[in-house]
There are 2 protein chains.
Amino acid sequence: MVYTARLFRLSATYGSTTLGLRLLHSTRPVGSAALGQIQASQLQKTLTTKPKPLVPKEDLIFGHVFTDHMLTFEWTAKAGWGRPQIKPYGPLQIDPCCAVLHYALECFEGLKAYRDAQGKVRLFRPEKNMERMNNSAERLHLPQFEGSQVLECIKELLRTDERWVPEGRGYSLYLRPTLISTENTLGVHRSNSAMLFVIASPCGPYFPTGFKAVSLYCDETNVRAWPGGVGNKKLGSNYAPSIGPQVMAESKGYQQVLWTIGDDHELMEVGTMNLFVFWRTEDGNTELVTPPLDGTILPGVTRDSILELTRSWGEFKVSERKINMKQLARASDEGRLLEVFGAGTACVVTPVNRIHFQGKDYQVPLDPANSESQAGPLAARIYNTLFAIQYGELPSKWSVVV
Amino acid sequence: MVYTARLFRLSATYGSTTLGLRLLHSTRPVGSAALGQIQASQLQKTLTTKPKPLVPKEDLIFGHVFTDHMLTFEWTAKAGWGRPQIKPYGPLQIDPCCAVLHYALECFEGLKAYRDAQGKVRLFRPEKNMERMNNSAERLHLPQFEGSQVLECIKELLRTDERWVPEGRGYSLYLRPTLISTENTLGVHRSNSAMLFVIASPCGPYFPTGFKAVSLYCDETNVRAWPGGVGNKKLGSNYAPSIGPQVMAESKGYQQVLWTIGDDHELMEVGTMNLFVFWRTEDGNTELVTPPLDGTILPGVTRDSILELTRSWGEFKVSERKINMKQLARASDEGRLLEVFGAGTACVVTPVNRIHFQGKDYQVPLDPANSESQAGPLAARIYNTLFAIQYGELPSKWSVVV
């Protein structure tokens, strides 16, 4: 492996000259392959001439407002990755025969940039998103990339659109890296061209008025993922089929789908979140349990963080193991169920207060010490801890200053 | 239900004046809903000023060349379907936050237009495609539509691009209706806007030099569809995950994936085709069998046609039932296997000559009377019959003159 220092070749048609200083000394491994790799040092910037007005914080709805710029990387099988581009946010020209519109050759990530009390912008374990996106890309035979280089470019997007990172606890700038096939032929085969892009959307707290516990409908008809399927990859394919069941759960008066699989209704996920159950087991142990990464479960960054955090506390058993609906229902009936919550980037944790299964509603406790509370003590503690790390209040290797 | 005769409101900026006569008396049911429905009578045409040169027949590669025009229908939750448009083929402007690029909110169809010996253009059971597309749309909570109206518009696209329907046995114009979400927000929810479009691609015979039998690799790792999944809908979601296994099969020297499910390797599909097995059962019956439509199998138009056709012959048992790899392997070993073939719009039938399963290649007979033949007698007979119907040589209600 040969390392070469790359010349700094940034060009900007407008604006910032600070980028050069930051990226000038960037180096990257160059293998024997002649194909282009993503090089943050080659980032090219074209800034908007029409910056949009910021949207008042109280008007932010998740995923509705986007910043002034986006980051794009184009790839072809012949030439590899081209030069990274920051350019004004705007529509893509996509041919109607493009594979992304027909065969769902698309995968994505979701992560957030937080503004800390000192005004600095921070990311939370962003390398995990790069790693997962490469796993998704591999599954689709879309091009992989060097995550650290894409991350450098994402940081530059954040510097470019820094005014869009909202201030205040619970506010953040949601980042959406997306990788699509741009193959313009109708055969179902490996893509010869692709595009990675990153867009950014300012958003408010998931629960603007504090926690709000949700009710779950255990879907016995639809199955989110299957052994031998792609449930452990963040592919568009996993999301389209989830909308029908979600609409169905809402029509029955519940807020999210509880996904299960098999005759014994093994628990999988909650809506688009990982699932955690905190309970006293039949043999009297206190245990936090989440389904194992057996190929059907999305390896969530928040899931992983909760496991590491609670294991570091050493206060109760923390398990990745299978658990089914009958066990959960019995625990509820026997008063052994302590808490149930979903976990994901959007919400950190979402407490659950009720689960419908086979015609019966099973109650899930929230805070026994406070009947007004919408979150159990464990969910609240995890939320506060991760929140403090994300906003730089608690020092942690997980929080990366941009 | 009130029927109203619609005024003819076609506008064309260039070209044909024959459309009016054809659509003038079109009527459609108007319900109490105020939302717009697709009305072929309102089709608006904008013809290209730069018609492309036709591609020589011998240079046609499936899905690489497209005709001069495309058909589009836009929908919003507020207004329903807008006016159908025929316009020059060209790129769509798609916002980078559009749900189709993130959550695979897309479904499609594939059907062909054939030119018969009299020069007339024909479709094959196109109402089946409209019906299936509505089922796909429903599963994604994308808008449904009146298939007969879309079909009228497709016929007009065919009249508009008639010079692109190639002449000659085996040649056809492949039509690709596609329905995508155009929702420009990042939340995972029901779409508030969508677009249906139809593009057309001239293509040559699937087997330019006569039949060519293919080898199959039985994939024990990946599962195409599962109970509670969406395998019976023509969604993009089902195709993205199939490319990896297909590449893997090719890397092992086989041409297509044989999809199975479960511990007993129940047979499902072949590549992107339905699967048929023709054999002598252990109790001595001659039987044509294909997996049943249990929710995991695509309800193929060719599949359905083969079932109806062979049942009408009354010469052997025709079954839709489960069959597993062990049964198939034993039949091969015991000399009871007569033929195996895939069935789909692209190829009509694709004969199979070999199946790899758990380290062993199982031979599948082709034509015992002709060692040079690349198709068994049943596959060839089905092919020739459907072909004759599609090209108008054999009268049938299945063939629709445009």
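Residues numbered from 1 in each chain as written. Chains lettered and ligands numbered in written order. Predicted model: local features only at pLDDT ≥ 70, side-chain atom pairs only at ≥ 80, totals over all residues. Heavy atoms only, no water.

Along the backbone of chain A there are eight helices and 22 strands. Structurally, chain A occupies a C-alpha span of about 65 × 50 × 40 Å along its principal axes. Counting every position in chain A, which comprises 402 residues, the buried fraction comes to 60%. Taking contacts inside chain A between residues at least 6 apart in sequence as the whole, the part at least 24 apart equals 71%. Surface accessibility of chain A: about 15900 Å² in total, with carbon and sulfur atoms responsible for 51%. Computing the positive centroid from 43 side-chain charges and the negative centroid from 40, chain A places the two 6 Å apart. (Helix = DSSP H or I, 4+ residues; strand = E, 2+ residues; numbered from the N terminus. Buried < 20%, exposed > 50% of the residue type's maximum accessible area, 1.4 Å probe, protein only. Contact = heavy atoms within 4.5 Å. Areas by Shrake-Rupley, 256 points an atom, 1.4 Å probe, with all protein chains shown as cover. Lys, Arg positive; Asp, Glu negative; His and termini not counted. Charge placed at Lys NZ, Arg CZ, Asp CG, Glu CD.)

Counting residues in hydrophobic clusters, the biggest one holds 132 residues, and the most contacted among them are A:Leu101 and B:Leu101. If sequence neighbours within four positions are ignored, A:Leu101 has contacts with A:Ile94, A:Asp95, A:Pro96, B:Leu92, B:Ile94, B:Val100, B:Leu101, B:Glu106, B:Thr178, B:Ile180 and B:Phe197. (Core = buried A, V, L, I, M, F, W, Y, C linked by side-chain atoms within 4.5 Å.)

On to the relation of the copies chain A and chain B, then. Superposition record for chain A on chain B: RMSD 0.0 Å, screw rotation 180 degrees, translation along axis 0.0 Å. The superposition operator between the copies reduces to a two-fold rotation axis. No C-alpha of chain A approaches the rotation axis more nearly than that of A:Ser237, which lies at 2.0 Å. Interface overlap between copies is the fraction of interface residues in one copy that are interface residues in the other; for chain A against chain B it reaches 97%, indicating a shared surface. (Least-squares fit on C-alpha atoms with pLDDT ≥ 70 in both.)

All right, on to the interface of chain A and chain B then. Listed by partner, the interface residues are 60 residues for chain A and 59 residues for chain B. Taken together, the two surfaces of chain A and chain B that pack against each other cover about 4800 Å², and 65% of this comes from carbon and sulfur. Where chain A meets chain B, there are zero salt bridges. For the pair chain A and chain B, the number of links is 28 residue pairs in polar contact (both at pLDDT 80 or more). Of all the secondary structure elements, the ones that give two or more residues to the side of chain A that touches chain B are β7 (92-94), α2 (99-102), β8 (106-108), β11 (172-181), β12 (193-203) and α5 (243-251) of chain A. In terms of residue class, the side of chain A that touches chain B is built from 34 nonpolar, 20 polar and six charged. In terms of strand pairing, β7(A) meets strand β7 (residues 92-94) of chain B through three bridges, oriented antiparallel. (Buried area = accessible area lost by both parts, 1.4 Å probe. Salt bridge = Lys/Arg side-chain N within 4 Å of Asp/Glu carboxyl O. Polar contact = N/O pair within 3.5 Å; in protein donor to acceptor, adjacent residues only side chain to side chain. Nonpolar A, V, L, I, M, F, W, Y, C, P; charged D, E, K, R; others polar. Pairing = 2+ DSSP bridges.)

Let's shift gears to the side chain of B:Thr310. Residues and elements named next belong to chain B. Looking at the secondary structure, you find Thr-310 in helix α6 (residues 301-313). Classification of Thr-310 by relative accessible area gives buried; the value is 0%. A distance of 3.3 Å separates a polar atom in the side chain of Thr-310 from the backbone oxygen of Leu-307. Ignoring any residue separated from it by four or fewer positions in sequence, one finds Thr-310 in contact with Leu-288, Phe-316, Val-318 and Ile-382.

Below, the discussion takes up the domain arrangement of chain A. Residue and element names in this part refer to chain A. For chain A, the assigned domains are domain 1 (54-203) and domain 2 (214-401). A separation of 27 Å is found between the C-alpha centroids of domain 1 and domain 2. Residue-level contacts link 32 residues of domain 1 with 28 residues of domain 2. Scanning the region where domain 1 abuts domain 2 turns up three salt bridges. Close ionic contact of Asp-304 with Lys-128 constitutes a salt bridge, the shortest N to O distance being 3.9 Å. Our count for the contact surface shared by domain 1 and domain 2 stands at 15 residue pairs in polar contact (both at pLDDT 80 or more). Contributions of two or more residues to the side of domain 1 that touches domain 2 are made by β8, β9 (111-115), β10 (121-124) and α3 (126-139). If one sorts the elements of the side of domain 1 that touches domain 2 by residue count, α3 sits on top with seven residues. (Domains from an automatic or database assignment.)

All names here are of chain A. In the numbering used here, UniProt assigns the feature "modified residue: N6-(pyridoxal phosphate)lysine" (unreviewed entry) to Lys-234. Examined against the element boundaries, Lys-234 turns out to sit in the loop between β13 (214-219) and α5. Here Lys-234 falls in the buried class, since its relative accessible area comes to 10%. Discounting residues that sit within four places of it in the chain, Lys-234 has contacts with Cys-107, Phe-108, Glu-109, Gly-110, Arg-132, Ser-136, Tyr-239 and Leu-298. (UniProt positions renumbered as here; feature names shortened; annotations may be inferred.)

On to the pairing of strand β14 (residues 256-261) of chain A. Remark: a regular strand shows side chains that alternate across the two faces of the sheet. All names here are of chain A. With six of six residues buried, β14 is to be regarded as a mostly interior element. One ladder, built from four bridges, connects β13 with β14; its direction is parallel. Looking at the pairing, Leu-216 lines up with Gln-256 of β14. Two strands pair when backbone bridges link them, and β14 and strand β15 (residues 266-270) are joined in this way by three bridges, in the antiparallel orientation. Following the sheet pairing, Thr-260 is matched in β15 by Leu-267. Where β14 folds back onto β15 in an antiparallel hairpin, the turn is made up of four residues, including Gly-262, whose phi is positive at roughly 85 degrees.

Right, let's talk about the environment of B:Ser201 for a bit. All names here are of chain B. With respect to the element layout, Ser-201 can be found in strand β12 (residues 193-203). For Ser-201, a relative accessible area of 1% corresponds to the buried category. Sequence separation of Ser-201 and Leu-175 is 26 residues, and the distance between their C-alpha atoms is 6.5 Å. If near-sequence neighbours (up to four positions away) are discounted, Ser-201 is found in contact with Gly-63, His-64, Val-65, Phe-66, Ser-172, Leu-173 and Tyr-174.

To continue, consider the packing of α3(A) against helix α4 (residues 147-160) of chain A. Residue and element names in this part refer to chain A. Across the interface, α3 lies against α4 with an axial gap of 9 Å and an inter-helix angle of 125 degrees. Taken together, the axes of α3 and α4 are oblique relative to one another. Where α3 crosses over α4, the handedness of that crossing is right-handed. Residues Pro-126, Glu-127, Met-130 and Asn-134 of α3 pack against Gly-147, Val-150, Leu-151 and Ile-154 of α4. (Axes fitted to C-alpha atoms, helices over the stretch in contact; angles between N-to-C directions. Parallel < 35°, antiparallel > 145°, perpendicular 65-115°, else oblique. Left-handed = near helix turned anticlockwise from the far one by under 90°.)

Take helix α8 (residues 377-390) of chain B next. Residue and element names in this part refer to chain B. Its 14 residues place the ends of α8 20 Å apart at the C-alpha level, agreeing with the 20 Å of an ideal helix rising 1.5 Å per residue. Taken across its 14 residues, α8 has ten buried, putting it largely inside the fold. For α8, every residue scored as buried is listed here: Leu-378, Ala-379, Ile-382, Tyr-383, Thr-385, Leu-386, Phe-387, Ala-388, Ile-389 and Gln-390. (Expected span 1.5 Å × (residues − 1).)

This next bit is on the pattern of salt bridges. All names here are of chain A. Across all of its chains, the model carries 44 salt bridges over all chains by this definition. Put simply, Glu-393 and Arg-169 hold a salt bridge, and the shortest N to O gap is 3.1 Å. One end of the pair, Glu-393, is in the loop between α8 (377-390) and β22 (399-401); the other, Arg-169, is in the loop between α4 and β11, with 224 residues separating them in the sequence. Overall, Glu-393 belongs to the partly exposed group, its relative accessible area being 47%. Overlapping salt bridges bring together Lys-45, Glu-156 and Arg-159 as one network.

Mapped onto the elements of the fold, B:Lys212 is located in the loop between β12 and β13 (214-219). Here the alpha-carbon distance between B:Lys212 and B:Val352, two residues 140 residues apart in the chain, equals 8.7 Å.

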